[in-house]
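Analysis of the macromolecular model
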Amino acid sequence: MNNIVAIVGRPNVGKSTLFNRLIQRREAIVDSVSGVTRDRNYGKSEWNGKEFSVIDTGGYVRGSDDIFEGEIRKQVELAIDEADVIIFVVDVEEGITPMDDAVAKLLRKVTKPVLLAVNKVDNAMREKDAVEFYNLGLGEYYTFASISGSGTGDLLDALIDAFPIKPEPTQEEVVLPRFAVVGRPNAGKSSFINSLIGKDRYIVTDIAGTTRDSIDTKFDRFGFEFNLVDTAGIRRKAKVKEDLEFYSVMRSVRAIEHADICILIIDATRGFEGQDQSIFWLAEKNRKGVVILVNKWDLVEKETMSTRDYEDKIREELMPFTDVPILFVSALTKQRLLKALEATVKVYENRQQRIATSKFNEFMLKVIEAYPPPATKGKYVKIKYCMQLPTPTPQFVFFANMPQYVKEPYKRYLENKIRENWDFSGVPIDIYIREK
C-alpha cells in the first residue's frame, strides 16, 4: 500500500496550492476566497523514487457558523485517522492565530509524525519571522513557498524520511476501470457514493453545489475493482455565477473525459431535463458507456405503470441512442444500489467486448443480403466484408464498392442489427463504410 500524507491547516493558508504542486496537476480548486476546498481531495505524488498518496483537506475552522465548517472539521479528523504522515500548513504573513493553536492542539495528541510547514516564506526577512512557530509545540518547522515551489524539496525530503517502513509490494498496480458519477447539482451523486462505500467521504447537505472538485474513490464489490469519480454538479453556463462553479463544471467535463463509464444520476422529482440531456450527449460524444440512474425514486407518487412511463419518456428524449440501461434507485434508502453497480459493470464489459471477424461476417452479411442498401441512381451498393476495429470503443467497418451512397439511415439499421445480436447496451457504436 502507498503511504498516505494528509495536508491540514486553517482555511486559505495554501494547502491546495501545495497539493497541486505535489501531484503536478491542477486537481484542487485554488481561489483567494478562504474555505474553497470542502471535501478531501486525493492525488498521487512521487519524490526520490518513492510514491505516496496526498489528501488535501478543507480548512480547519473552530466555532464558525458556516454549515460546511463543522463538516470540514470532521473531514480533518478523518484525514488524520487515514494518513501516515500529516503536513500542518501555517502562514508566515499572519503568524500564529487562535485557529492554528486549535489545530496544533488536535495534532499534539496524534502519535503519527507531524511536519510543520510554514508557507509564503520567500525571502530572508520572512525566514526570521518563521521562528515564532516553535511556540506551537510541534518541534522543527520547514519553510517553503507553495506558489513558487521554493523550499518544497527540503519538506519532501523530511516527508520521505518520516514514512513508516513498509514491506515492498510485489504486484504491479493495475489500471482500474474508472466510473464517473455525473449529473446536475443536488441530484444525489455524493449520497449515492457514500451509501455504496458505507463511509461518509462526501459532505452532503441540501444546498445545491456542495461538491466542488471531482474526487476518486477506489472501490471493490463483487470481486470487481474500479475507481469511482464523483463530480461537482454540472450546471448550465448561465447558472455559473460564482467562479468556483465554473471550475467545477470544467472538472466534471474532465472527469467524463477520463472515465470509462458515466453513471448519470437524475433527480426523479425534476424529470429528465435539458441539462441532464446535455450531460448525456457529452458522455456520448466522448464515446463513454452510460448508465442512467433515476434517484430519489422514494419521493415520487407512484402508480402501477409509473416506472415504465417514466422510462419511455426518457428514451424518447434519447433518440436515436436508446439502448441504455435505466434504473430507479434511492441513495437514501439504498434501494437497488447494487443492481445499479451490476449494470455499470455490465456496461463496462460490453464496451470491452470483441467480436471475432468470422462470426461477425457470418451474421452481418446475411442481414445485408436480406436488406441491401437502397440503390441510388440505378447503382447498386455491394458490401462484401466487415470487421470490428481494434479500438478502445466498439467501432465497425464495412467495405463497399460505393461507400458514398450508403446513407445515415442504413448505418443506423446496421447498428440496430449489431445491437440485436450482441449486447452493447449503454455503449455508443461507430459504423464506418469504406471503399474496398
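What you see is a predicted model, and the numbers here were worked out from it, not measured in a lab. (Residues numbered from 1 in each chain as written. Predicted model: local features only at pLDDT ≥ 70, side-chain atom pairs only at ≥ 80, totals over all residues. Heavy atoms only, no water.)

1. Comments concerning unusual backbone geometry
Of the consecutive residues Met 319 and Pro 320, the connecting peptide bond is found in the cis state with omega at -5°. Relative to the elements of secondary structure, Pro 320 occurs in the loop between α9 (306-318) and β12 (326-328). Backbone geometry places Lys 120, a non-glycine residue, at a positive phi of 70°. If you trace the backbone, Lys 120 turns up in the loop between β5 (114-119) and α4 (124-129). Given the relative accessible area of 23%, Lys 120 is considered partly exposed. In this structure, Lys 296 is a non-glycine residue whose phi angle is positive, near 60°. Within the element layout of this structure, Lys 296 appears in the loop between β11 (289-295) and α9. (Helix = DSSP H or I, 4+ residues; strand = E, 2+ residues; numbered from the N terminus. Buried < 20%, exposed > 50% of the residue type's maximum accessible area, 1.4 Å probe, protein only.)

2. Considerations on the sheet that holds strand β14 (residues 395-400)
Strand order in this open sheet of 3 strands is β13-β14-β15, and the pairing throughout is mixed. The sheet is open, and its two borders are formed by β13 (383-388) and β15 (430-435), each paired with just one other strand. Each adjacent strand pair in this sheet contributes to an overall mean axis angle of 20°, direction not counted. One ladder, built from 5 bridges, connects β13 with β14; its direction is antiparallel. Looking across to β14, one finds that Tyr 385 is bridged to Phe 399. Most of the contacts of helix α11 (residues 357-370) go to β13, to which it runs at about 140°, and overall it touches β13 and β14. The strands touched by helix α12 (residues 408-421) within the sheet are β13, β14 and β15, with β15 carrying the most contacts at an inclination of about 125°. (Pairing = 2+ DSSP bridges. Axes fitted to C-alpha atoms, helices over the stretch in contact; angles between N-to-C directions. Contact = heavy atoms within 4.5 Å.)

3. Overview of the pairing of strand β3 (residues 50-56)
Summarising burial for β3: 5 of the 7 residues are buried, a large majority. Bridge analysis of strand β1 (residues 3-8) against β3 gives 5 bridges, and the strand direction is parallel. Residue pairing in the sheet places Asn 3 in a bridge with Phe 52 of β3.

4. A few points about the environment of Asn 20
Mapped onto the elements of the fold, Asn 20 is located in helix α1 (residues 15-23). A sequence separation of 126 residues divides Asn 20 from Ser 146, and the C-alpha atoms of the two residues are 9.1 Å apart.

5. Points about the confidence of the model for the protein
Considering every residue of the protein, the mean pLDDT works out to 78; 75% of them sit at 70 or more. Least confident of the elements in the protein is helix α7 (residues 243-258), whose mean pLDDT is 52; most confident is β14, at 94. Low pLDDT, under 50, characterises residues 233-250; the stretch is placed with 38 contacts to residues that sit more than four places away or in other chains. (pLDDT = per-residue confidence, 0-100.)

6. Some remarks on the pattern of salt bridges
If you walk through the whole model with that rule in mind, you get 12 salt bridges. Where Glu 93 meets Arg 126, a salt bridge forms, and the shortest distance between an N and an O atom there is 3.2 Å. Within this pair, whereas Glu 93 is found in the loop between β4 (85-91) and α3 (98-108), its partner Arg 126 is found in helix α4, the two being separated by 33 residues in sequence. A salt bridge links Glu 420 to Lys 417; the nearest nitrogen and oxygen atoms lie 3.3 Å apart. Of this pair, Glu 420 and Lys 417 both sit in helix α12, 3 residues apart, which is roughly one turn of that helix. (Salt bridge = Lys/Arg side-chain N within 4 Å of Asp/Glu carboxyl O.)

7. Describing the nonpolar core
Of all hydrophobic cores here, the largest spans 26 residues; its most connected members are Phe 179, Phe 192, Phe 226, Leu 228, Ile 263 and Leu 293. Put simply, the parts of the chain that give this core at least two residues each are β7 (178-182), α6 (189-197), β9 (224-230), β10 (261-267), β11 and α10 (337-352). Among the elements that line this core, the one with the most residues is α10, at 7 residues. Ignoring any residue separated from it by four or fewer positions in sequence, one finds Ile 263 in contact with Phe 179, Ala 180, Val 181, Val 182, Phe 192, Leu 228, Val 291, Leu 293 and Thr 344. Counting residues in hydrophobic clusters, the runner-up holds 24 residues, among them Val 229, Ala 268, Val 294 and Tyr 310. (Core = buried A, V, L, I, M, F, W, Y, C linked by side-chain atoms within 4.5 Å.)

8. Side note on the side chain of Ser 330
Tracing the chain through its elements places Ser 330 in the loop between β12 and α10. Side-chain polar atoms of Ser 330 contact the side chain of Thr 333, separated by 2.9 Å. (Polar contact = N/O pair within 3.5 Å; in protein donor to acceptor, adjacent residues only side chain to side chain.)

9. Side note on the packing of aromatic side chains
What the rule picks out here adds up to 16 aromatic pairs. Ring centres of Trp 297 and Tyr 310 lie 5.4 Å apart, and the angle between their planes is 75°; on these two criteria the pair is classed as edge-to-face. Placement of Trp 297 in the loop between β11 and α9 and of Tyr 310 in helix α9 is noted, with a sequence separation of 13 residues between them. According to the relative accessible area criterion, Tyr 310 is buried, its value standing at 14%. Feature note: the residues Phe 360, Phe 363, Phe 396, Phe 398, Trp 422 and Phe 424 constitute an aromatic cluster, connected by ring pairs. Looking at Lys 313, its charged tip hangs above the ring of Tyr 310, at a distance of 5.9 Å from the centre. (Phe/Tyr/Trp six-rings, centres within 6.5 Å; stacked < 30°, edge-to-face > 60°. Lys NZ or Arg CZ within 6 Å of the ring centre and 35° of its normal.)

10. Thoughts on the side chain of Arg 419
Along the chain, Arg 419 turns up in helix α12. Among the residues examined, Arg 419 registers a relative accessible area of 12% and is labelled buried. Only 2.8 Å separates the side chain of Arg 419 from the backbone oxygen of Val 427, close enough to count as a polar contact.

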